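The chain contents come next:
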Amino acid sequence: METLKELRQYGESLGLANEDLIRFIESQQAKQRDDRRFEREREKEEWEVEKVRLEHELELKRLDNTRLFETEKHREEKGNVNPSKVPKLPPFEEGTDDMDAYLRRYERYAISQKWDKSIWATHLSALLKGNALNVYALLPSDQALDYDALKTCLLKRYNMTEDGFKQKFRSCRPEFGETFQQFSVRLGSYFSRWIDMSNVLKTFDGLYDLMLRDQFLHM
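Here's what I pulled together on the structure shown here. The model shown is predicted, which means the values in this text are computed figures rather than measured ones.

Brief notes about the overall build of the chain
- Looking only at helices and strands, the chain features ten helices and zero strands.
- For the chain, the sequential pattern of α-helices and β-strands runs α-α-α-α-α-α-α-α-α-α.
- Residue pairs in contact within the chain that sit at least 24 positions apart in sequence constitute 50% of those at least 6 positions apart.
- Roughly 16,100 Å² of accessible area belongs to the chain as shown, and the carbon and sulfur atoms make up 55% of that amount.

Section: the pattern of salt bridges
- Counted by the stated rule, this structure contains ten salt bridges.
- Here Arg-37 and Asp-34 are joined by a salt bridge, their closest N and O atoms 2.5 Å apart. Here Arg-37 and its partner Asp-34 are both found in helix H2 (residues 18-78), three residues apart, which amounts to about one turn of the helix.
- Overlapping salt bridges, with partners in common, bring together Glu-19, Asp-20 and Arg-23 in one network.

Description of the packing of aromatic side chains
- One pass over the full model with this rule turns up five aromatic pairs.
- On the basis of an interplanar angle of 80° and a centroid distance of 5.8 Å, the ring pair of Tyr-109 and Trp-115 is categorised as edge-to-face.
- A relative accessible area of 18% means that Tyr-109 is categorised as buried.
- Here the aromatic cluster, defined as three or more aromatic residues joined through ring pairs, consists of Tyr-106, Tyr-109, Trp-115, Trp-120 and Tyr-147.

Quick word on the side chain of Ser-125
- Examined against the element boundaries, Ser-125 turns out to sit in helix H4 (residues 120-125).
- Here the side chain of Ser-125 touches Thr-122 through a polar contact of 2.5 Å, landing on its backbone oxygen.

With respect to a negative patch on the surface
- Taken together, the side chains of Glu-41, Glu-45, Glu-48 and Glu-55 make up a negatively charged region of the molecular surface.
- Take Glu-41: it is sitting in helix H2.
- On the accessibility criterion, Glu-41 (43% relative accessible area) is partly exposed.

Focus on unusual backbone geometry
- Even without a glycine there, the phi angle at Asn-18 is positive, about 55°.
- You can see Asn-18 is positioned in helix H2.
- Of the residues examined, Asn-18 reaches a relative accessible area of 65% and is grouped as exposed.
- Positive phi is not limited to glycine here, since Lys-114 has a value of about 60°.
- Within the secondary structure, Lys-114 sits in the loop between helix H3 (99-112) and H4.
- Take Lys-114: its relative accessible area is 68%, and that puts it in the exposed class.

Focus on the packing of helix H9 (residues 180-198) against helix H10 (residues 204-218)
- Packing of H9 against H10 brings their axes to within 11 Å, and their N-to-C directions diverge by 95°. Taken together, the axes of H9 and H10 are roughly perpendicular relative to one another. Note on element contacts: H10 touches H9 through Leu-207, Leu-210, Met-211, Arg-213 and Asp-214, opposite Phe-191, Trp-194, Ile-195 and Ser-198.
- Taken together, the residues of the contact of H9 with H10 break down into six nonpolar, one polar and two charged.

Calculation criteria
- Residues numbered from 1 in each chain as written.
- Predicted model: local features only at pLDDT ≥ 70, side-chain atom pairs only at ≥ 80, totals over all residues.
- Heavy atoms only, no water.
- Helix = DSSP H or I, 4+ residues; strand = E, 2+ residues; numbered from the N terminus.
- Contact = heavy atoms within 4.5 Å.
- Areas by Shrake-Rupley, 256 points an atom, 1.4 Å probe, with all protein chains shown as cover.
- Salt bridge = Lys/Arg side-chain N within 4 Å of Asp/Glu carboxyl O.
- Phe/Tyr/Trp six-rings, centres within 6.5 Å; stacked < 30°, edge-to-face > 60°.
- Buried < 20%, exposed > 50% of the residue type's maximum accessible area, 1.4 Å probe, protein only.
- Polar contact = N/O pair within 3.5 Å; in protein donor to acceptor, adjacent residues only side chain to side chain.
- Patch = residues over 30% accessible without salt bridge, like charges linked within 9 Å, V, L, I, M, F, W, Y side chains within 5 Å.
- Lys, Arg positive; Asp, Glu negative; His and termini not counted.
- Charge placed at Lys NZ, Arg CZ, Asp CG, Glu CD.
- Axes fitted to C-alpha atoms, helices over the stretch in contact; angles between N-to-C directions.
- Parallel < 35°, antiparallel > 145°, perpendicular 65-115°, else oblique.
- Nonpolar A, V, L, I, M, F, W, Y, C, P; charged D, E, K, R; others polar.

Below is the structure:
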């Protein structure tokens, strides 16, 4: 914006003087006022547009947050909990943990958390290491998402089968520091799992057939 001094100098450079110079200065000042008013109005319009845009963005964020909340709520109601909110379980340790015992512990925890069974396999995969993780990685996609199929493959990998539990039952010996009661419980656990994996009826006739068949094969 030109000052009064600058306007006067500019008018004089045009050869204006006296009343002509005064009218020129007044007209330029009026023009400057109009320009300032126009600039203020333009800035006001721009701010109104920007304000609308910001309010629109804020509303979209509110809607996104609402949808996210509803989605998370729906997932939690189904048991499809966000992995970041899932309490951590100790991962499976190769060479230390018993796969059968680890899976039973995992299943009890999943049931207590009311997880939908459709996500059991995915959550379990995050806890696997070493050969157990390789079993999961090598499964076809449909089986990798099926907990029962994954469980079967893991048990086979660690020889947790009918024959595997039978061998554990037959070869089981008391460990150092293990009481007779603890050994009895462990031995009974192997026998129970052998029966479970053999799919026989838990009746006298069922056990009779199992033992007779085993002795026949042994002989």
